[in-house]
Amino acid sequence: MTRIVLGIEYDGSGFSGWQWQTHQRSVQQVLEQALSKVANHPVTVQCAGRTDTGVHALEQVVHFDAKIERELHAWMLGGNSNLPDDVRITWVKPAVGDFHSRYSAIARFYRYVILNRPINSALLRNQVTWHHNPLDADKMHQAAQHLIGKHDFSSYRAQGCQSKSPCREMYFIDVYREDDKVVIDISANAFLHHMVRNIAGVLIDIGAGKQPVNWTEELLEVKSRKLGGVTAPPDGLYLGAVYYPEHYGITKHPVFDKLPVGAKRHD
């Protein structure tokens, strides 16, 4: 068996999420079908982080085991020729050692994009979250800094989250404005179900003046999802990149230069 690692990007608006669904279209489904045609045998893929319905990926990292040898460019060209237009393989590498796309990851980076103007976009309606009232990005950034570090994020995870522990380590959160967009860049050692979207919902309420800047800190302390904010829509959420130990040979995204020295994967 040969283990192959892929980087893929996708527009999540036409999918029911990453994971196979019995009667709905998923990213995993179309990717496995495409790669199976190249391999001439059924292929099962593992990803760095499952994305929900409507969530996009700038760079999802995937691995699979093949029973047959192929040139790397054959996986790229063959895979893309069999994929729908809303999914693309962007790079291919042989796996090194015991590499696993999920369990070898040290950190993940997500980006949440809010279109902040009176009128929604006809072109970006599935790629951004629209908020028509003005948002104060500076206040949102200030509020977000309370979340950095190791915390119990019970107030920020979905009520049905199946993770054994609500504790995660947040490495950085930056909120900034780019013209008529407000962008939230966020990285942690791992994320809980709906964690980024729940954080975005809280920050949007703070940016709109509905809640004080210290609300993020108050929610950490109460450890109750029932007291948290609204879950922000999936449209503006992107899995941006995944960071692995250097010896695996996966190119490091520049955003991970912000990670603290000695950052370790979540066990």
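Above this note sits the structure.
Anyway, here's the lowdown on the structure attached to this text. (Residues numbered from 1 in each chain as written. Predicted model: local features only at pLDDT ≥ 70, side-chain atom pairs only at ≥ 80, totals over all residues. Heavy atoms only, no water.)

**Here's the deal with the packing of aromatic side chains**
To keep things clear, this is the line we draw: Pairing of aromatic side chains requires ring centres within 6.5 Å, counting the rings of Phe and Tyr and the six-membered ring of Trp. Pairs whose planes differ by under 30 degrees are stacked, by over 60 edge-to-face, and all others tilted. Secondary structure elements are defined from DSSP: runs of H or I of at least 4 residues count as helices, runs of E of at least 2 residues count as strands, and each element is numbered from the N terminus. Each residue's exposure class comes from its accessible area (1.4 Å probe, protein chains only) as a fraction of the maximum for that residue type: buried when under 20%, exposed when over 50%, partly exposed otherwise.
Enumeration according to the criterion identifies six aromatic pairs in this entry. Measuring from centroid to centroid gives 5.0 Å for Phe64 and Trp75, while their planes differ by 70°, and the two rings are edge-to-face. One end of the pair, Phe64, is in strand β3 (residues 56-66); the other, Trp75, is in helix α2 (residues 72-82), with eleven residues separating them in the sequence. Classification of Phe64 by relative accessible area gives buried; the value is 0%.

**Structural notes on the environment of Asp65**
Cut-off, in case you're wondering: By the convention used here, residues are in contact when the closest approach between their heavy atoms is within 4.5 Å. For this analysis, a polar contact is any N or O atom pair within 3.5 Å, provided that within protein one partner can donate a hydrogen and the other can accept it, and provided that sequence-adjacent residues contribute only side-chain to side-chain pairs.
Within the secondary structure layout, Asp65 lies in strand β3. Assessed through its relative accessible area of 26%, Asp65 is described here as partly exposed. In the structure, Asp65 is positioned 21 residues away from Thr44 in sequence and 7.5 Å away in space, judged by C-alpha atoms. Excluding residues that lie within four positions of it along the chain, Asp65 makes contacts with Met1, Thr2, Arg3 and His41. Looking at Asp65, its side chain comes within polar contact range of the side chain of Arg3, at 2.7 Å.

**Description of unusual backbone geometry**
One non-glycine residue with positive phi stands out, namely Asn40, at about 65°. By secondary structure assignment, the location of Asn40 is in the loop between α1 (27-39) and β2 (45-47). We note that Lys223 has phi near 55°; this positive angle belongs to a residue other than glycine. Residue placement: Lys223 occurs in the loop between α5 (215-222) and β10 (237-243).

**Structural notes on the pairing of strand β8 (residues 167-178)**
Which entries qualify depends on this criterion: When DSSP finds two or more bridges between two strands, those strands count as paired.
As defined by bridge partners, strand β7 (residues 149-152) adjoins β8 across four bridges and the pair is classed as antiparallel. When the bridges of β8 are listed, Lys150 appears paired with Glu169. The sheet contact formed by β8 and strand β9 (residues 181-188) spans eight bridges and is antiparallel. Note that in β9 the partner of Phe172 across the bridge is Ser187. Where β8 folds back onto β9 in an antiparallel hairpin, the turn is made up of two residues, including Asp179, whose phi is positive at roughly 55°.

**Quick word on the packing of α1 against α2**
When two helices pack together, you describe them by how their axes are tilted relative to each other and by the distance separating the axes. Quick reminder of the rule: In this analysis, axes come from line fits to C-alpha atoms, helices being fitted only over the stretch in contact, and the angle between any two N-to-C directions falls in the range 0 to 180 degrees. An angle counts as roughly parallel when it lies under 35 degrees, as roughly antiparallel when it exceeds 145, as roughly perpendicular when it falls between 65 and 115, and as oblique in every other case. Take the far helix as your reference; a near helix turned counterclockwise from it by less than a right angle gives a left-handed crossing, and one turned clockwise gives a right-handed crossing.
In the contact formed by α1 and α2, the axes pass within 8 Å of each other and the chain directions differ by 130°. Taken together, the axes of α1 and α2 lie oblique to each other. α1 and α2 meet at a crossing whose hand is right-handed. Residues Ala34, Leu35, Lys37, Val38 and Ala39 of α1 touch α2, and the partners they reach there are Ala74, Trp75, Gly78, Gly79 and Asn82.

**Examining α2**
By the burial criterion, the buried members of α2 are Trp75, Gly78, Gly79 and Asn80. Looking at the buried positions of α2, the neighbouring elements they touch are β1 (2-10), α1, β3 and β4 (87-94).

**Focus on the pattern of salt bridges**
Test applied: Just to be clear on terms, a salt bridge is a Lys or Arg side-chain nitrogen sitting within 4 Å of an Asp or Glu carboxyl oxygen.
Under the definition given, this model contains eight salt bridges. Here Asp257 ties to Lys252 by a salt bridge, and the two come within 3.3 Å at their closest N and O atoms. When its relative accessible area of 57% is taken as the criterion, Asp257 is described as exposed. When salt bridges that share partners are traced, they join Arg117, Asp180 and Lys181 into one network.

**Some details on α1**
Keep this limit in mind: Each helix should span, by expectation, one fewer than its residue count multiplied by 1.5 Å.
With 13 residues, α1 extends 18 Å from end C-alpha to end C-alpha; this agrees with the ideal 18 Å at 1.5 Å per step. Restricting attention to buried positions, one finds in α1 the residues Val27, Gln28, Gln29, Val30, Leu31, Glu32, Ala34, Leu35, Ser36, Val38 and Ala39. For α1, the elements touching its buried residues are β1, β2, β3, α2 and β4. Asn40, located one to two residues past α1, shows a positive phi value of around 65°.

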